[in-house]
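What follows is the residue order along each chain.
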Amino acid sequence: MFEKTAERSDLKELYREDFYLWVMENLRLLKEKHYDQVDWENLLEEIEDMAKSELRSVISYMAIILEHLYKWENFRATPEMGKSWIKSINNARKEMEKLFEFSPSLRKRSQEESELAWRIAVKELVYWFSDPDNRVWAEKFFGRLPTKKDFPEKCPYTFEQVFEYKPWILEGE
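Let us look at the structure shown here. From a predicted model like this one, the values you see are computed outputs, not experimental measurements.

Comments concerning the overall build of the protein chain
The helix and strand tally for the protein chain stands at nine helices and zero strands. Listed by position from the N terminus, the elements making up the protein chain come as α-α-α-α-α-α-α-α-α. Rg of the C-alpha trace for the protein chain: 23 Å, well past the compact-globule value of 16 Å for 173 residues, more than 25% over. Each principal axis of the C-alpha distribution contributes one length, and for the protein chain these read about 70 × 30 × 25 Å. Looking at the 173 residues of the protein chain, the share that counts as buried comes to 38%. A separation threshold of at least 6 residues defines the contact pool for the protein chain, and within that pool the share at least 24 residues apart is 68%. Within the structure as shown, the protein chain displays about 11000 Å² of accessible surface, and the carbon and sulfur contribution to it stands at 53%.

Right under this line is the structure:
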C-alpha cells in the first residue's frame, strides 16, 4: 500500500495517477483515524459525484419511460409497433425500483427532476424521428422532421404515471 507517512499533496497526486490506490489509501487513513492526512477535497468531491451519479441514473430511466410512453400513445402506426417500447419501460421501471431499494430518498428527489427527464425524453424523440429508419414516421405524423417545439413543453405525465401507467393494458394488449 501507500507509505504510511503519506502527505496530503502526495495523495492529491495519487488521485490523478491511480484512483483505486487513492481510494484504498484514504480508506486506510479513515479507518486508522488519521483524519489530518485524508485528501478531503477530492474525497468530498467523489462522495458528491456518487450521489449525482445515482440521481442521473434515475433521471435517465425516467426519460426512457417518458419517451416510450409518449411514443406509445402518439406514434403507434401499427398494432405491432411499440412492443420494444413496453419492454424498455418495464426494464427502466425495474432498474429504478432497484435504485430506490438501495437509496429510498432518491424517489423523493427524482420527483423534483421530472421536467428535466421530460426535456431529455423530447431530445430523444427528436433524435428517434431523425433516424433514417424512422423518417417515414416523421413524415406521417408531422409532415417533416419534428423539433422540440413539436412536443409539449411540460411533461404530460405525472410522477406516479412514470411508475404505474400501462396504456397497453388499457388497449387489451
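More follows now that the structure is in view.
Concerning a negative patch on the surface
Taken together, the side chains of D10, E13, E17 and D18 make up a negatively charged region of the molecular surface. Looking at the secondary structure, you find E17 in helix α1 (residues 8-17). Here E17 falls in the exposed class, since its relative accessible area comes to 59%.

A look at the pattern of salt bridges
Under the defined criterion, the tally for this structure stands at eleven salt bridges. Between R109 and E112 there is a salt bridge; the shortest N-O distance is 3.3 Å. Classification of R109 by relative accessible area gives partly exposed; the value is 33%. Note that R144 is salt-bridged to D150, the shortest N-O span being 2.7 Å. Here R144 falls in the partly exposed class, since its relative accessible area comes to 39%. Residue classification places D150 among the partly exposed positions, given a relative accessible area of 24%.

Re the packing of helix α3 (residues 40-74) against helix α4 (residues 83-102)
As a packed pair, α3 and α4 sit with axes 9 Å apart at the nearest point and diverge in direction by 155°. One finds that α3 runs roughly antiparallel with respect to α4. When the axes of α3 and α4 are compared, the crossing they make is left-handed. When α3 is examined against α4, the residues E54, S57, V58, Y61, M62, I64, I65, H68, L69, K71 and W72 are found in contact with a partner set consisting of K83, W85, I86, S88, I89, A92, R93, E95, M96, L99 and F100.

Topic: the side chain of E67
For E67, the position within the fold is in helix α3. Of the residues examined, E67 reaches a relative accessible area of 8% and is grouped as buried.

Criteria and cut-off values
- Residues numbered from 1 in each chain as written.
- Predicted model: local features only at pLDDT ≥ 70, side-chain atom pairs only at ≥ 80, totals over all residues.
- Heavy atoms only, no water.
- Helix = DSSP H or I, 4+ residues; strand = E, 2+ residues; numbered from the N terminus.
- Rg over C-alpha atoms; globule rule 2.2 N^0.38 Å.
- Buried < 20%, exposed > 50% of the residue type's maximum accessible area, 1.4 Å probe, protein only.
- Contact = heavy atoms within 4.5 Å.
- Areas by Shrake-Rupley, 256 points an atom, 1.4 Å probe, with all protein chains shown as cover.
- Patch = residues over 30% accessible without salt bridge, like charges linked within 9 Å, V, L, I, M, F, W, Y side chains within 5 Å.
- Salt bridge = Lys/Arg side-chain N within 4 Å of Asp/Glu carboxyl O.
- Lys, Arg positive; Asp, Glu negative; His and termini not counted.
- Charge placed at Lys NZ, Arg CZ, Asp CG, Glu CD.
- Axes fitted to C-alpha atoms, helices over the stretch in contact; angles between N-to-C directions.
- Parallel < 35°, antiparallel > 145°, perpendicular 65-115°, else oblique.
- Left-handed = near helix turned anticlockwise from the far one by under 90°.

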